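These are the residues of each chain, in order.
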Amino acid sequence: TMPRTLADGPTTERSGMSPLLSQVQLLRSRALIGTVVDSEGLRLRPTGRGFPASLLSQVHVDPGLAADTFYLAFSNDGFTVGNGTRETRLAYGDPYKAVGLRFAITAKPQVDKGILVLSPRELTIDRVLEKLRVSPREETDVVDVTYDDAVPEVAQRVVNILIGTFENVDVRQAQGEFRRRRIFLEEQ
């Protein structure tokens, strides 16, 4: 679990609506989580034992890519990726590239064979939401954000990207509000 804290939320309240609760809802929004899923390649995960997700690197999955399965064979000097009738041999650390997909295996796992599953995007967003905790602290303007993952580095990256993306959205909203106010004042 990797916690991170959000503070300094919007200072105005609209008709009794808590800005903190709005932040919580935005942090748990499917659009924001989808951005994290896409940027972290969370749709691609190994199945079975002996092939940990920590051995995956350089993962990129286009949002529109359909679900798929990749069969891997590991040797001491590299790995083979089988997908349909196509087989590709690579050295550890070299990226496998296909249309809309890229990943590398950093080292030989404990097993000789493995499977990578590319899950549907919406299902992956659901899984991330199940592991994500966004909790406002009582009587503060602080929100705690935690995410559980078997790979601590992935958990940390997910939380950091989520907060960074949230902050960018929050800044864009504030800029838009400022622009609308300026136009209103100019029109007066």
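Residues numbered from 1 in each chain as written. Predicted model: local features only at pLDDT ≥ 70, side-chain atom pairs only at ≥ 80, totals over all residues. Heavy atoms only, no water.

**Thoughts on the side chain of R43**
- Tracing the chain through its elements places R43 in the loop between α2 (30-40) and β2 (44-47).
- At 3.2 Å, the side chain of R43 forms a polar contact with the backbone oxygen of D62.
- Within polar-contact distance, the side chain of R43 engages the backbone oxygen of L65 at 2.5 Å. (Helix = DSSP H or I, 4+ residues; strand = E, 2+ residues; numbered from the N terminus. Polar contact = N/O pair within 3.5 Å; in protein donor to acceptor, adjacent residues only side chain to side chain.)

**Quick look at the nonpolar core**
- Among the nonpolar cores identified, the biggest contains 24 residues, and L27, I33, L132, V145 and L162 are the most heavily contacted of them.
- Going through the elements one at a time, α1 (19-27), α2, α3 (121-131), β10 (132-136), β11 (143-147) and α4 (152-187) are the ones with two or more residues in this core.
- Top element by residues in this core is α4. It accounts for 7 residues.
- If sequence neighbours within four positions are ignored, L162 has contacts with L27, L32, I33, V36, L132 and V145. (Core = buried A, V, L, I, M, F, W, Y, C linked by side-chain atoms within 4.5 Å. Buried < 20%, exposed > 50% of the residue type's maximum accessible area, 1.4 Å probe, protein only. Contact = heavy atoms within 4.5 Å.)

**Observations regarding the environment of T80**
- Counting through the fold element by element, T80 comes out in strand β5 (residues 79-83).
- C-alpha separation for the pair T80 and A91, spaced 11 residues apart in sequence, amounts to 8.8 Å.
- Dropping the residues within four chain positions of it, T80 is found in contact with Y71, L72, A73, E87, T88 and R89.

**Section: the sheet that holds strand β9 (residues 113-118)**
- Taken in spatial order, the 5 strands line up as β2-β9-β4-β5-β6 in an open sheet, and their pairing is antiparallel. Looking along the sheet, the strands with just one partner apiece sit at the ends: β2 and β6 (86-90). Here the average twist between neighbouring strands, direction ignored, is 25°.
- With 4 bridges connecting them, strand β4 (residues 68-74) and β5 associate as antiparallel partners. Bridge pairing in β5 links A73 to T80. (Pairing = 2+ DSSP bridges. Axes fitted to C-alpha atoms, helices over the stretch in contact; angles between N-to-C directions.)

**Brief notes about the pattern of salt bridges**
- If you walk through the whole model with that rule in mind, you get 9 salt bridges.
- A salt bridge links D112 to K108, with the shortest nitrogen-to-oxygen separation between them at 3.4 Å.
- Residue K108 is classed as partly exposed on the basis of its relative accessible area, which comes to 31%.
- The shortest N-O distance in the salt bridge between R121 and E122 comes to 3.8 Å. (Salt bridge = Lys/Arg side-chain N within 4 Å of Asp/Glu carboxyl O.)

**A look at the pairing of β6**
- Pairing geometry for β5 and β6, over 5 bridges, is antiparallel. Each residue of the ladder has a partner; that of G82, found in β6, is E87.
- The hairpin formed by β5 and β6 contains 2 residues between the paired strands, and G84 there has a positive phi angle of roughly 65°.

**So, unusual backbone geometry**
- Located in the positive-phi region is Q58, a residue other than glycine, with phi close to 55°.
- Examined against the element boundaries, Q58 turns out to sit in strand β3 (residues 56-61).
- Assessed through its relative accessible area of 38%, Q58 is described here as partly exposed.

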